[in-house]
Amino acid sequence: MENNVLQCNPSAAAAINSFLADKNNPMTKSFFDVINKYGTVADINAKAESARDLGNLKQRLANMDSPYLADLQWLEEQRDAGTFVSMEEYTERILGPGAAPVASENAVTLEISAMNFFPWLMDEARRAIREREIMPGRYIRVRNMNESLGDKGDMLAFAAAMQIIGASYVETLNTNGTDGSNVNIGSADVLAGYFAGIGMPNDQPLEWLDEYLHHYTTNGVRQVLNIAPGQLLIGYFLNQIGIETEFKVSVWYAGHDSSYGAAYTFMMAKLMENADGRTPLIGLNISNSVNADTIREIAAIRDTFGYRDQVRIEHHLTQTYKSTVRQPYLRRDEIIDIAATVANVAAKHEGADPDIEDKLNHPSDFFDYFRTQEDLESSGDMAIMRQLYLEKHGSVQRTADALTRSGLRFVAAANLHGSKEPALAGTSRTFS
């Protein structure tokens, strides 16, 4: 082989298929043991479709006498009445009277994280109507799912709301790298241990699979956050057998900080496509450390593999002010620069702009994500968390304004603002 030629071994696919198809393979046998608990693939997908049906979600909320049902009805009424700002009104406010909505080729998805409590969404919607603001097109959730479901049906209400407003979202399962999966590490006092073993050791990928199928078939959760290699492989396995799963790769523990790392992920996605050419990979949350040139390189690799419209490149425009990155951290100008030539990118708002955060008595903190509802309420910090979420919403508005002034489109909640944005990765399938 010439020094300047790289190729996969032509026999590699056959060897991999032989490994996967071996009925005596204990790894795949364990995988199917979990799958079979939930029925056939057709049964599993049918249960998921029924579970995410908007009427069924509302009925479950009614059965538990959830106060969130009235909120959903109000949200539908506001949507149907056209109460939210239209793109025409919004554009004229930003660019002046008579200005038409921006029609650039590429559009940046407005993304907010983390939307952990349903009442925050209602606060955001009321503010958006009052202040004539834009609702994001994508939401990230990292709340404990059992707590969420037990909180008057918070999880179900949020899933219904996403369908009502026309936005995509992703949940984070309880089986993850912060759940004590590695018994030898604990809190931040053993921080170095996280670099040597956090993730999903031993049988955790199978536990994750069981939890995912439970929420998929019972609560209609399709799109989830994936963080570890074994868990990613399980996701590809699900896709291979026909289960309509979706996942985005998290920045937390599986961060992609170079084009080489991204190529590794895209090659695996291509290798594990199902017979219809489908991959469950719909989002790649790249590392905070990447620069604009690396993002362009990652996008070019993505496009080469045919995933331009399938895999959204999600980049943190802001971050929590504490416990994540050095501040000030603000990548708005970079997102605008990239979006001029790169399709299907998201501007992720994990905190308010640094000039806002710097003035707060309690700025956003990554570790607050892992606090329980009981802790937040008993400490009196829940009101602070709600306000911090609205500060992130304010950062989303700054991004929408900046994109508009730069002649670039954005993806907002499609059913609220008269958006005609074509379906992109993880949107139509997620809330249809």
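The text that follows walks through the structure, step by step, so that each part is easy to find. Keep in mind that what you see is a predicted model, and the values were worked out from it rather than measured.

Here we look at the pattern of salt bridges
Think of it this way: side chains of opposite charge can pair up when their charged atoms draw near.
Here is step 1 of the chain: By the definition in use, this model includes 35 salt bridges.
Here is step 2 of the chain: Arg 398 serves as the salt-bridge partner of Asp 353, at 2.9 Å between the closest nitrogen and oxygen. Placement of the pair is Asp 353 in the loop between strand S8 (345–349) and helix H17 (354–357) and Arg 398 in helix H19 (residues 382–405), with a sequence separation of 45 residues.
Here is step 3 of the chain: On the basis of relative accessible area, Arg 398 is assigned to the partly exposed category, the value being 33%.

A short note on the packing of aromatic side chains
To describe a pair of aromatic rings, you give the distance between the ring centres and the angle between the ring planes.
Here is step 1 of the chain: Under the defined criterion, the tally for this structure stands at 15 aromatic pairs.
Here is step 2 of the chain: Centre to centre, the rings of Tyr 90 and Phe 410 are 5.6 Å apart; their planes meet at 85°, and the pair counts as edge-to-face. Placement of the pair is Tyr 90 in helix H6 (residues 87–95) and Phe 410 in strand S9 (residues 409–411), with a sequence separation of 320 residues. Note on accessibility: Tyr 90 and Phe 410 belong to one class, buried.
Here is step 3 of the chain: Pairing Phe 366 with Phe 370 gives two aromatic rings, centres 5.2 Å apart and planes at 75°, and the pair type is edge-to-face.
Here is step 4 of the chain: By relative accessible area, Phe 366 is classed as buried at 13%.
Here is step 5 of the chain: Put simply, the rings of Phe 366, Phe 367, Tyr 369 and Phe 370 pair up and form one aromatic cluster.
Here is step 6 of the chain: The aromatic ring of Trp 74 is capped on one face by Arg 126, whose charged end is 5.1 Å from the ring centroid.
Here is step 7 of the chain: It is Arg 141 that lies over the ring of Phe 158; its NZ or CZ is 4.4 Å from the centre.

A look at the side chain of Lys 248
Here is step 1 of the chain: Its location among the elements puts Lys 248 in strand S5 (residues 246–249).
Here is step 2 of the chain: Separated by 2.8 Å, the side chains of Lys 248 and Glu 314 make a polar contact.
Here is step 3 of the chain: The contacts of Lys 248, once residues within four sequence positions are left out, are Glu 111, Arg 138, Ile 140, Val 170, Val 224, Leu 225, Asn 226, Ile 282, Gly 283, Asn 285, Glu 314 and Lys 348.

Procedures and definitions
Residues numbered from 1 in each chain as written. Predicted model: local features only at pLDDT ≥ 70, side-chain atom pairs only at ≥ 80, totals over all residues. Heavy atoms only, no water. Salt bridge = Lys/Arg side-chain N within 4 Å of Asp/Glu carboxyl O. Helix = DSSP H or I, 4+ residues; strand = E, 2+ residues; numbered from the N terminus. Buried < 20%, exposed > 50% of the residue type's maximum accessible area, 1.4 Å probe, protein only. Phe/Tyr/Trp six-rings, centres within 6.5 Å; stacked < 30°, edge-to-face > 60°. Lys NZ or Arg CZ within 6 Å of the ring centre and 35° of its normal. Polar contact = N/O pair within 3.5 Å; in protein donor to acceptor, adjacent residues only side chain to side chain. Contact = heavy atoms within 4.5 Å.

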